[in-house]
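Observations on chain architecture
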Amino acid sequence: MTRKEDKLDRRTEQPVFSEADQARARQWFAKAADCRERRDYDYAIECYITGLGYWPEAVEEGHMPLRSLAIQRQQAGGKKPGFMDGVRSSIGSKDPRRAMLEAERLLSKDPGNSGYAEAVLKNAIKAGLLETAKWVAPIVFEGLRKDKKPNKERFRTFRAALVEAADLADARGDNAMETWMLEQAVNSLEYLIARVPLDEDLRNEQRDLAGKLTIARGKYEEAGDFRESLRDAEKQKLLHDAERVQQGEDTLETLLAAARKEWEAAPDLLPKLNTYVDLLLRTERKPLEDEAIRILIEAFKKTNNYSLKLKADDVRLRQLGRQARALAAKARQSGAEEDRQQARLAALEQRQAALEIYRERVTKYPTDLRLKAKLGEVLFQSGRYDEAIPVLQAAQGDPRSRARCELLIGRAFFEKGSPTQATAVLREALEHYELTDDHSKELLYWLGRAYQAAGQLEEAKAAYGKLLRQDYNYMEGDARQRLEALEQAAREGKASPRE
């Protein structure tokens, strides 16, 4: 066995933290929150770090609020750590958990320091703390992206850490985590290749990593049903039984009763709460979903575990989405004005709820660019274009969201009545895509619309023409009809139609 394999073997077990340690950690987190309210930022940082010493995987309750505190301290003019602070620190400790916490202490006093963030990531993986690694990886990537000239060596170190984390997750049988880590590695490599396009070594590595990601996704999809995604053994047994009997009504009631009894016997144990809630949600019946929401919100208020509220809000959004779709279908079928009004009100309620939820999430996790992208999309759908544009511009930093953000920014300018700005944004966005790409078709369509609205009719015809050569009936023939109308007006010497 190699030294690397031996190290990996020692980390394959999921880290376990006793209820007593979690309780002690929460006491320190509560003290930290109190210090933050009093603007005693430095002691609040120490309290969070002490609490994380007991429970280093407390992402929602420890790492995330500490990161938010760090940014608040920075905005208030808090001093960065000096040279001697780094020298005296334990960031180079042979104990990776201790080194991780020391790096995070320094990062909290200098939240833009990429070196500290990279040390948190490296040592979290060495310690087998993959949830913490997953939390800090986007912060590291954001730091790498800020360099005017990409540092290939730092990118390589970042990818190597993510691949090591993926291998560890694979050894644990955690296909979801393995897939996530490899996705981040591939995304970071794609970002680098876009800026160093002639580097053949990077392209070879991209092919290798993409192949590894495909294999990981295949394993995840094979094991990715509802039962496999749950880690609690009792929960898996209940849900396996539910699948085996195809969830007959009597059996479902029995399973729900059993799960409820288990939860009521130990209401503070999240695995038992989640078992019961997941069974309630599996029914897709609104009264039982409402019960699940109530339980999740009550538990959130008691524990301040934000993941519970996330889950409750997601259920609420699904309910509103189902309602809006059902009423829209009814309105289309009946054509009655009353039904159309009900459908409009349902869609408005859905958008307002989504706005409220995603505003809160972005406030809670200000560095999560995917949440910003979602908020920007909801703002766009709500017609709040002036608010949507800067949010979407900020969210473009996430390679996974960039394409959608670019499209929506262009469309927002178009809807605002600024077609010249829209054409500039959409034309630049198109440079990133092959013309056979589905996303490029949508960009071409809206570029044609923007050119047409701006009176640049030859450019509009060219955009529509490119689109039709790829998809003749795009948008149910709308692009073709627009091109034909422009060409007919030109033949007849009439003023060409604008928007």
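Cut-offs applied
- Residues numbered from 1 in each chain as written.
- Predicted model: local features only at pLDDT ≥ 70, side-chain atom pairs only at ≥ 80, totals over all residues.
- Heavy atoms only, no water.
- Salt bridge = Lys/Arg side-chain N within 4 Å of Asp/Glu carboxyl O.
- Helix = DSSP H or I, 4+ residues; strand = E, 2+ residues; numbered from the N terminus.
- Buried < 20%, exposed > 50% of the residue type's maximum accessible area, 1.4 Å probe, protein only.
- Axes fitted to C-alpha atoms, helices over the stretch in contact; angles between N-to-C directions.
- Parallel < 35°, antiparallel > 145°, perpendicular 65-115°, else oblique.
- Left-handed = near helix turned anticlockwise from the far one by under 90°.
- Contact = heavy atoms within 4.5 Å.
- Nonpolar A, V, L, I, M, F, W, Y, C, P; charged D, E, K, R; others polar.
- Expected span 1.5 Å × (residues − 1).
- Bend = angle between axes of the 7 residues up to and from the residue.
- pLDDT = per-residue confidence, 0-100.

Close approach of charged atoms allows side chains with opposite charge to pair. Taken as a whole and assessed by the stated rule, the structure comprises 39 salt bridges. Here Asp21 ties to Arg24 by a salt bridge, and the two come within 2.4 Å at their closest N and O atoms. With Asp21 and Arg24 both in helix 2 (residues 19-37) and 3 residues apart, the pair spans about one turn of that helix. By relative accessible area, which is 35% here, Arg24 ends up partly exposed. A salt bridge links Arg105 to Glu102; the nearest nitrogen and oxygen atoms lie 2.4 Å apart. Separated by 3 residues within a single helix, Arg105 and Glu102 lie in helix 6 (residues 96-109), roughly one turn from each other. Grouping residues by exposure puts Arg105 and Glu102 together as buried. The structure contains a network of salt bridges with shared partners spanning Arg260, Glu264, Glu291, Arg294 and Glu298.

Next up on the list: the packing of helix 14 (residues 270-282) against helix 15 (residues 286-303). For the pair helix 14 and helix 15, the least separation of the axes is 8 Å and the interaxial angle reads 155°. Compared by their axis directions, helix 14 and helix 15 come out roughly antiparallel. In this structure, the crossing between helix 14 and helix 15 has a hand that is left-handed. Judged by residue contacts, Leu273, Tyr276, Val277, Leu280 and Leu281 of helix 14 engage Leu288, Glu289, Glu291, Ala292, Ile295, Leu296 and Ala299 from helix 15. Considering only residue class, the contact of helix 14 with helix 15 consists of 10 nonpolar, no polar and 2 charged.

A separate point is helix 8 (residues 130-145). Over its 16 residues, helix 8 extends 23 Å from the first C-alpha to the last, a length consistent with the 22 Å expected when each residue adds 1.5 Å. The largest bend in helix 8 is about 30°, located at Val136, with the proline Pro138 one to four residues further on. Within helix 8, 12 of the 16 residues are buried, leaving the element largely enclosed by the surrounding structure. Where helix 8 is concerned, the buried positions are Leu130, Thr132, Ala133, Trp135, Val136, Ala137, Ile139, Val140, Phe141, Gly143, Leu144 and Arg145. Buried-residue contacts for helix 8 involve helix 4 (59-75), helix 6, helix 7 (114-126), helix 9 (152-172), helix 10 (175-195) and helix 20 (399-415).

Attention now goes to the environment of Arg370. Here Arg370 shows up in helix 18 (residues 369-381). In this structure Arg370 comes out as partly exposed when scored by relative accessible area, which is 42%. Setting aside residues up to four positions removed in sequence, Arg370 forms contacts with Trp180, Asp398, Arg400 and Ser401.

For the rest of this paragraph, the subject is the confidence of the model for the protein. Mean pLDDT over the protein stands at 84; residues scoring 70 or higher make up 86%. Within the model, the stretch residues 1-10 combines pLDDT values under 50 with 3 contacts to residues more than four positions away or in other chains. Low confidence marks residues 222-250, where pLDDT is under 50. Its contacts with residues over four positions away, or in another chain, come to 38 contacts.

Right, let's get into the packing of helix 6 against helix 7. In the contact formed by helix 6 and helix 7, the axes pass within 8 Å of each other and the chain directions differ by 160°. The pairing of helix 6 with helix 7 is recorded here as roughly antiparallel in orientation. Every pair of crossing elements has a handedness; the one defined by helix 6 and helix 7 is left-handed. Packed against helix 6, whose contacting residues are Pro96, Ala99, Met100, Ala103, Glu104, Leu106 and Leu107, the element helix 7 presents Tyr116, Ala117, Ala119, Val120, Asn123, Ala124 and Lys126 at the interface. Residue classes in the contact of helix 6 with helix 7 are distributed as 11 nonpolar, 1 polar and 2 charged.

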